[in-house]
Amino acid sequence: MTSTPRSTAPALKQAIAAAVFALIASLILWTNQQHVSRFFMLSPLLVHTLLETITITIFVSVFIVCWNAFGGYRSRSSVVLAVTFLSAAILGFVHAISFQGMPEFTGPSDMHKSFSAWIASRAIIALTLLGLSMNPKDPNLSQRQSDAFLMTGLVLTAVICGIIFMFPLAVPLMYTDQYGQTNFKIACEVALILINLISAALFLKHSLKGPDQQVEDRLEIARVPLFLASWLMGISEVYFSLYAERSDVNVAIGHFLQLAAAIAIYRSMVAINIHKPYTRLATQTIEIARSAAELAAQRERLHRMIDTAIDGIITVDEHQTILIINPAAATIFGYDAEYLMGKSLTLLIPERHRAGHGSHLKKFGETGSTRRKMGSRSEDFYITGRRSDGTEFPMEASIAHQLENGSRIYTVIFRDITDRKIAKEKMAQYHEELSQLSAALQSIREEERKHIARELHDDLGQLLAALRMDLTLVQRAPELAAKSQSAIQSMDQLILTAITTLRRIATDLRPRALDEGGLFFALQTLQREFSQRHMIDCELIADEDQLTLDDARSTAIFRIVQESLTNVARHAEASAVTIEFEHFPDKIVFSICDNGKGIDEEDMRKSRSFGLVGMRERVKAMHGHFHVSGNAGEGTCLHVELPFSRQTSGQTA
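Predicted, not measured: the structure shown is a model, and the values here were computed from it.

## Digging into the overall build of the chain
Looking only at helices and strands, the chain has 19 helices and 13 strands in total. In the chain, buried positions account for 41% of the 653 residues. Pairs at least 24 residues apart make up 68% of the contacts formed inside the chain by residues separated by at least 6 positions. Accessible area of the chain: about 36500 Å², with a carbon and sulfur share of 59%.

## Things to note about the state of the cysteines
This structure, assessed with the given rule, holds one disulfide. Here Cys593 engages in a disulfide with Cys637; their sulfurs sit 2.1 Å apart. Around the S-S axis, the bridge from Cys593 to Cys637 shows a dihedral of about 125° and counts as right-handed. Residue Cys593 is located in strand S11 (residues 587-594), and its partner Cys637 is located in strand S13 (residues 636-643); the two are separated by 44 residues in the primary sequence.

## Remarks on unusual backbone geometry
Even without glycine at this site, Gln320 takes up a positive phi of about 65°. Residue placement: Gln320 occurs in the loop between strand S3 (312-316) and strand S4 (322-325). Gln320 sits in the buried class, given a relative accessible area of 11%.

## What to know about the packing of aromatic side chains
Taken as a whole and judged by the stated rule, the model has six aromatic pairs. Pairing Trp30 with Tyr239 gives two aromatic rings, centres 5.7 Å apart and planes at 55°, and the pair type is tilted. You can see Trp30 sitting in helix H1 (residues 9-30) and its partner Tyr239 sitting in helix H8 (residues 223-240), a full 209 residues away along the chain. By relative accessible area, Tyr239 is classed as buried at 1%. A ring pair is formed by Tyr335 and Tyr339, whose centres lie 5.8 Å apart and whose planes are at 10°; its orientation type is stacked. Classification of Tyr339 as partly exposed rests on a relative accessible area of 43%. Here the aromatic cluster, defined as three or more aromatic residues joined through ring pairs, consists of Phe333, Phe393 and Phe414. Above the ring of Phe393, the side-chain terminus of Arg387 is found at 4.0 Å from the ring centroid. One cation-aromatic arrangement involves Lys587 over Phe584; the distance from NZ or CZ to the ring centre is 5.6 Å.

## As for the packing of helix H7 (residues 183-209) against H8
Relative to each other, H7 and H8 sit at 160°, their axes nearing to 8 Å. In terms of their interaxial angle, H7 and H8 are classed as roughly antiparallel. Taken as a pair, H7 and H8 cross one another with a handedness that is left-handed. Contacts between H7 and H8 involve Lys185, Glu189, Leu192, Ile193, Asn196, Leu197, Ser199, Ala200, Phe203, Leu204, His206 and Ser207 from the first element and Arg223, Val224, Leu226, Phe227, Ser230, Trp231, Met233, Gly234, Glu237, Val238 and Phe240 from the second. Here the residues of the contact of H7 with H8 are counted per class, giving 13 nonpolar, six polar and four charged.

## Quick notes on the packing of helix H4 (residues 76-97) against helix H6 (residues 143-166)
Running from N to C, H4 and H6 cross one another at 20°; their axes reach a closest spacing of 9 Å. Compared by their axis directions, H4 and H6 come out roughly parallel. By crossing handedness, the relation of H4 to H6 is classed as right-handed. Of H6, the residues touching H4 (which contributes Val79, Val80, Val83, Leu86, Ser87, Ile90, Leu91 and Val94) are Ser146, Phe149, Leu150, Gly153, Leu154, Thr157, Ile160, Cys161 and Phe165.

## A few points about the pairing of strand S12 (residues 625-630)
Looking at chain direction, S12 and S13 are connected through six bridges and run antiparallel. Bridge pairing in S13 places Ser629 opposite Cys637. The antiparallel hairpin formed by S12 and S13 contains five residues in its connecting segment, where Gly633 sits at a positive phi of about 85°.

## Concerning the nonpolar core
Residues Phe59, Phe85, Ile125, Leu129, Leu226 and Ile265 are the most contacted members of the largest nonpolar core, which totals 44 residues. Those elements giving two or more residues to this core turn out to be H1, helix H3 (44-68), H4, helix H5 (108-133), H7, H8 and helix H9 (249-308). It is H8 that provides the largest number of residues to this core, a total of nine residues. Not counting chain neighbours up to four residues away, the residues in contact with Ile125 comprise Phe59, Thr84, Phe85, Ala88 and Met233. Listed in part, the 36 residues of the second largest apolar core include Leu523, Leu526, Val577 and Met615.

## Considering H1
Under the 1.5 Å per step criterion, the end-to-end length of H1 is 31 Å for 22 residues, consistent within 8% with the ideal 32 Å. Those residues of H1 that sit buried are Ala9, Leu12, Ala15, Ala19, Ala22 and Ser26. Here the buried residues of H1 occupy an arc of 155° about the axis, which is enough to place them on one side. When the buried face of H1 is taken as reference, the exposed residues oriented beyond 90 degrees from it are Lys13, Gln14 and Phe21. Taken together, the buried residues of H1 touch H7 and H8.

## Quick look at the confidence of the model for the chain
Overall, the predicted model of the chain reaches an average pLDDT of 78, with 77% of residues at or above 70. Confidence over residues 1-7 falls short of pLDDT 50; this stretch has ten contacts with residues more than four positions distant or in other chains. Contacts for the low-pLDDT stretch residues 646-653, under 50 throughout, to residues beyond four places or in other chains number 25 contacts.

## With respect to the pattern of salt bridges
Two side chains bearing opposite charge may form a pair once their charged atoms approach each other closely. Across all of its chains, the model carries nine salt bridges by this definition. A salt bridge links Arg352 to Glu392; its shortest N-O distance comes to 2.6 Å. A residue pair is termed long-range when its members are at least 10 positions apart, and Arg352 in helix H12 (residues 351-366) and Glu392 in strand S7 (residues 392-404) qualify at 40 residues. Between Arg420 and Glu396 there is a salt bridge; the shortest N-O distance is 3.0 Å. Remark: Glu396 occurs in strand S7 and Arg420 occurs in helix H13 (residues 418-475); sequence separation between them is 24 residues. Overall, Glu396 belongs to the partly exposed group, its relative accessible area being 28%.

## A short note on the sheet that holds strand S9 (residues 537-541)
One open sheet accounts for five strands, arranged S9-S10-S11-S13-S12; its pairing is mixed. At either margin of the open sheet sits one strand with a lone partner, and together these are S9 and S12. Mean inter-strand twist for the sheet, computed between neighbouring axes without regard to direction, equals 10°. Bridge count between S9 and strand S10 (residues 576-583): five bridges; the pairing is parallel. Each residue of the ladder has a partner; that of Cys538, found in S10, is Val577. Of the strands in this sheet, S9 and S10 touch helix H16 (residues 519-534), which is tilted by about 165° from S9.

## Focus on the environment of Thr152
In this fold, Thr152 is placed in helix H6. Residue class for Thr152 comes out partly exposed when judged on its relative accessible area of 46%. As a C-alpha pair, Thr152 and Val83 span 69 residues in sequence and 8.8 Å in three-dimensional space.

So, how was this worked out
Residues numbered from 1 in each chain as written. Predicted model: local features only at pLDDT ≥ 70, side-chain atom pairs only at ≥ 80, totals over all residues. Heavy atoms only, no water. Helix = DSSP H or I, 4+ residues; strand = E, 2+ residues; numbered from the N terminus. Buried < 20%, exposed > 50% of the residue type's maximum accessible area, 1.4 Å probe, protein only. Contact = heavy atoms within 4.5 Å. Areas by Shrake-Rupley, 256 points an atom, 1.4 Å probe, with all protein chains shown as cover. Disulfide = S-S within 2.5 Å. Phe/Tyr/Trp six-rings, centres within 6.5 Å; stacked < 30°, edge-to-face > 60°. Lys NZ or Arg CZ within 6 Å of the ring centre and 35° of its normal. Axes fitted to C-alpha atoms, helices over the stretch in contact; angles between N-to-C directions. Parallel < 35°, antiparallel > 145°, perpendicular 65-115°, else oblique. Left-handed = near helix turned anticlockwise from the far one by under 90°. Nonpolar A, V, L, I, M, F, W, Y, C, P; charged D, E, K, R; others polar. Pairing = 2+ DSSP bridges. Core = buried A, V, L, I, M, F, W, Y, C linked by side-chain atoms within 4.5 Å. Expected span 1.5 Å × (residues − 1). Arc of directions from axis to C-beta. pLDDT = per-residue confidence, 0-100. Salt bridge = Lys/Arg side-chain N within 4 Å of Asp/Glu carboxyl O.

Structure, rendered in structure tokens:
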């Protein structure tokens, strides 16, 4: 068995104690009927009428609460209970007025009518409680469905009353003048006893499992009092099956138990739901007070954060009236914070921007976006503010908005970036100067290479060639010994090696093919020598007419391709390289792609990657675009775009 929660355990213990006491006391009375039957009521009609009236009043209260307590969320159980107890109250009233001794109701047939109304009333209550104890589903009902239930219940009640008074013999006799209660009436009482005891057992089972989860704004039904009510109603029906005379004390005891059961029903449905709104109101009052205290604390915390923030914070309404401004914002603009409260935001905006600021603010509020950076320049997003002395300064700002009571409230958070903007401009200037210096150094370097290559080729190369020719003449002299011939041949070989090395060095410094045959012929020579030297398949895809360029671009492109092939040979571990050129009216595009091990982004960002840095600087000096892509194991591609429409900044190599 599941243990009950602490909130229901005391009430359940009290109910069980009351049920056990009623059972023990009744057992004592039932087993001593010969003594109990000696006691009679002096005014049985008065006692009966009084107790029935109180019970009827309680049933009407149950109807009122079940029907009206939470009309907006009326459930099926509340409607059924309301109709049940209204019908029971009506039949109870019929039973009371037709009881023997009432005016116009003095014969045995009148007692039969009274008992018929009594059995019908108690049967309706017993069956309803039995259905409720089975814990059925409890959907909501519309107002039309609720009214249909009520009208059906009233019509059936009227039909029962009509049968009792107009066709009393349609119901088997329940009372005779000679024998009192009939066997049929006692059988009905036994059936009611069984139904009530079954209901009590089911209610007790649900109570032991714990309270049902209640839904806000719906009828709350306490199962513990209903257990006690069903139990007392079952016991009371025993008393109503024992008495023979109207004045018998069993009648009074039974009615007292019925009254106690009605009070238990009242507590389970009426008292708890009348108390519920007040309990909720008290709880909500406490929660509101706690929320107000928390809100005040949060507001104080927010004000401290705003006041101590180093960034400026300004809040305005739809008409650009300043609602909140922190000391940092007032200091940035050179005003006092109290002076700016209630002033227009246009006071802090340069005059040339004031006309369009309101429309921009309104447009931002209508976009649906709640926040964004301010400013029209995507690279820095800065706007311009106006100080109290009329000077203007740049600001980095973001804006957010929200709806309060149907009006839009805008909050701007900003900071003065005058120093940063100056530093950025200086840095851009330094970078431009460095780029120009790099371009100049590249140009000087290329000129020096060209000069050294020419000197090596024209002077030193010619000297080595002349020396070899003289050595050849000496070698032809017949008077030289064989030993001298061998030494001369060795010297000739060394001179030949020196000439070859000299040509290679001169070509690396400045290939003569670039000056004599143009870029296409120089790239072909570079491709052929690269393949022969490194045993890597190199393919050049280009048209000679497309590569007829000026010296600056030709030199830059050659050096980029040369450096790329050097990187492939050193790092790529590739077996094939493709160099492809595309010519457009306004630019030339080329790429160098290999099938090697690829390159990581970290490798591309290494500070010692001077080859990539040099290529990037060459392209930048030509106002072009440089991009390297590649994944591990998938090779590397270098993409370059060089425009024709802009002039290069200096002679680039």
